[in-house]
Amino acid sequence: MLVDTHCHIHDKGCFELPPDETLTHMHENGVDKCIVIGTDPIDSVVARDFALKNAEVWWTYGYHPNDYDGNREKLEQDLKNAASDALKSPKLVAIGEIGLDYHFDGYNRQWQQYLLENMLQIAQNLKLPVSFHIRDAFDDFWPIFDNFHLPTSVLHSFSDNEENLQQGMKRGLYFGVNGLATFAKIPLAPLERIILETDAPFLTPKPFRGTINRPGYVKNIADWAAEYYGVDLDKIAQITTANAEKLFKI
Ligand SMILES: [Zn+2]
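Here is a short report on the structure shown in this document. As the structure is a computational prediction, the values presented were derived from the model and not from experiment. (Residues numbered from 1 in each chain as written. Predicted model: local features only at pLDDT ≥ 70, side-chain atom pairs only at ≥ 80, totals over all residues. Heavy atoms only, no water.)

### Description of the environment of Gly 30
Put simply, the rule reads: The way it works is that DSSP assigns letters per residue, a run of H or I at least four long becomes a helix, a run of E at least two long becomes a strand, and they are numbered from the N terminus. We call a residue buried when its accessible area falls under 20% of the maximum for its residue type, exposed when it is over 50%, and partly exposed in between, using a 1.4 Å probe and counting protein chains only.
For Gly 30, the location among the structural elements is in the loop between α1 (19–28) and β2 (31–37). Of the residues examined, Gly 30 reaches a relative accessible area of 27% and is grouped as partly exposed. For the pair Gly 30 and Met 1, spaced 29 residues apart in sequence, the C-alpha separation works out to 5.4 Å.

Quick look at the structure:
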């Protein structure tokens, strides 16, 4: 049994396949659970509603660093609303995706840091793990991370260098491995510290590149990982699923 710990199949704007078909395809491929990831206050509620409708789905409340417009009053109001509603809903398993993304120009770094700190405060208060999205920003990320006390969390879609892999290992973090690893050269954590994800509809793994990614393709990422780590598929499934179940209590 496998788990997709990070996908966006609840979002009709970005994921274009019918949910029923997607979940059937997921089960056909031995993927029995998935976590849909919120990327802003509105999208997170869509993720929640999707999870509440489907037994095999859990959800997260998140705010992607590139989606925040720097409006502090609006953020405060959104988070206040969430505290009295969405954050009390069942099947909420993490805060995220949240983080810092300096990859593209045109996104204010101070706003991103302010948002991240606000979101980490929520994770700390609710004792929820975090699904982090950190891209080209680890130098600013580590000091912020170190200011909070969080349950064991995950660096989703980790694709940075060996040094930051070690920084994450040292802090007890897990690493989300997805289709990227099947076609790009990135440093990988020991098997004991990885969980599998698709980030569907993005980052489609080999051999399906060029098509819409979906949670069933965790099977292909697991096949790839079995070869990379030199173990059989059962062992990959057993370890990554146990990791995911422990992290997210699913
Ligand atoms: Zn994502």
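### Describing the coordination of the zinc ion
Just so we agree on the cut-off: Coordinating N, O and S atoms are those within 2.8 Å of the metal (3.2 Å for Na, K and Ca), and as water is not part of the atoms, a site may appear to have fewer donors than expected. Every angle between 85 and 135 degrees makes a four-donor site tetrahedral, while opposite donors more than 155 degrees apart, with all other angles between 65 and 115, make a four-donor site square planar and a six-donor site octahedral; other sites are irregular.
Of the protein atoms, only His 6 (NE2), His 8 (NE2), Glu 97 (OE) and Asp 199 (OD) coordinate the zinc ion, at distances of 2.1 to 2.3 Å. Classification of the site at the zinc ion rests on its four donor atoms, whose angles at the metal span 87 to 173°, yielding the label irregular. Between the donor residues of the zinc ion, the gaps in sequence give the motif H-x1-H-x88-E-x101-D. As far as burial versus exposure is concerned, His 6 and His 8 are alike and both buried.

### Considerations on the packing of aromatic side chains
Both the distance between ring centres and the angle between the ring planes are used here to describe each pair of aromatic rings. Our working rule: Each Phe, Tyr or Trp ring, with Trp reduced to its six-membered ring, pairs with another whose centre is within 6.5 Å; inter-plane angles below 30 degrees give stacked pairs, above 60 give edge-to-face pairs, and intermediate values give tilted ones. Geometrically, a lysine NZ or arginine CZ counts as sitting over a ring once it is within 6 Å of the ring centre and also within 35 degrees of the ring normal.
For the structure shown, the criterion picks out 13 aromatic pairs. Judged by centre distance (6.1 Å) and plane angle (90°), the rings of Trp 142 and Phe 145 are edge-to-face. One end of the pair is Trp 142 and the other is Phe 145, both in helix α5 (residues 138–145) and three residues apart, which spans about a single turn. Here Trp 142 matches Phe 145 in class, with each residue buried. An aromatic cluster is present here, built from Phe 132, Phe 138, Phe 141, Trp 142, Phe 145, Phe 158 and Phe 175 joined pairwise through their rings. For the cation-ring pair, Arg 72 lies above Tyr 114, with the distance from its terminal atom to the ring centre recorded as 3.7 Å. Positioned above the aromatic ring of Phe 183, the side-chain terminus of Arg 209 is 3.5 Å from the ring centre.

### What about the side chain of Ser 131?
Put simply, the rule reads: Only heavy atoms enter the contact rule, under which two residues are in contact if any of them lie within 4.5 Å.
You can see Ser 131 is positioned in strand β5 (residues 130–135). Of the residues examined, Ser 131 reaches a relative accessible area of 3% and is grouped as buried. With residues near it in sequence (within four places) discarded, Ser 131 still touches His 6, Ile 95, Gly 96, Glu 97, Ile 98, Val 154 and His 156.

### What to know about the side chain of Thr 204
Here is the rule: Here a polar contact is recorded for every N or O atom pair within 3.5 Å, except that within protein the pair must consist of a potential hydrogen donor and a potential acceptor, and residues adjacent in sequence are included only if both atoms are side-chain atoms.
Here Thr 204 shows up in the loop between β8 (194–196) and α8 (218–229). Since its relative accessible area comes to 8%, Thr 204 is described here as buried. Within the local environment of Thr 204, its side chain forms a polar contact with the backbone nitrogen of Asn 213, the two atoms lying 3.2 Å apart. Residues within four places of Thr 204 in sequence aside, it is in contact with Phe 183, Arg 209, Thr 211, Ile 212, Asn 213 and Tyr 217.

### What to know about the packing of helix α3 (residues 72–84) against helix α4 (residues 109–126)
Condition: Axis definition: a line fit to C-alpha positions, over the contact stretch in the case of helices; interaxial angles, taken between N-to-C directions, run 0 to 180 degrees. Any angle from 65 to 115 degrees is called roughly perpendicular, while one under 35 is roughly parallel, one over 145 is roughly antiparallel, and all others are oblique. By definition, any crossing whose near helix is turned counterclockwise from its far helix by less than a right angle is left-handed, and any crossing with a clockwise turn is right-handed. Residues were grouped as follows: Ala, Val, Leu, Ile, Met, Phe, Trp, Tyr, Cys and Pro as nonpolar; Asp, Glu, Lys and Arg as charged; and all remaining residues, including Gly, as polar.
Packing of α3 against α4 leaves a shortest axis separation of 12 Å and a crossing angle of 15°. When the axis of α3 is compared with that of α4, the two are roughly parallel. When you trace α3 past α4, the crossing you get is right-handed. Along its contact with α3, which presents Arg 72, Leu 75 and Leu 79, the element α4 presents Tyr 114, Leu 115, Asn 118, Met 119 and Ile 122. Considering only residue class, the contact of α3 with α4 consists of six nonpolar, one polar and one charged.

### Quick look at the pairing of strand β4 (residues 92–101)
Our working definition: Should DSSP find at least two bridges between two strands, the strands are taken to pair. Here a crossover is taken to be right-handed if, once the strands point away from the viewer, the path from the first strand over the helix to the second is traced clockwise.
Of all ten residues making up β4, ten are buried, and the element is well covered by its neighbours. Pairing geometry for strand β3 (residues 57–61) and β4, over three bridges, is parallel. Following the sheet pairing, Thr 60 is matched in β4 by Ala 94. Of the strand pairs in this sheet, β4 and β5 are connected by six bridges, and their pairing is parallel. Looking at the pairing, Gly 99 lines up with His 133 of β5. Crossover connection from β4 via α4 to parallel β5: handedness right-handed.

### Thoughts on the pattern of salt bridges
Put simply, the test is: Here, a salt bridge means any Lys or Arg side-chain nitrogen found within 4 Å of an Asp or Glu carboxyl oxygen.
A full pass over the atoms with the stated rule returns six salt bridges. A salt bridge links Asp 49 to Arg 48; its shortest N-O distance comes to 3.0 Å. The partly exposed category is assigned to Asp 49, whose relative accessible area is 34%. Residue classification places Arg 48 among the buried residues on the basis of a relative accessible area of 12%. Between Asp 85 and Arg 48 there is a salt bridge, with its nearest N and O atoms 3.6 Å apart. On the criterion of sequence distance, the pair formed by Asp 85 in the loop between α3 and β4 and Arg 48 in helix α2 (residues 41–53) is long-range, its members being 37 residues apart.

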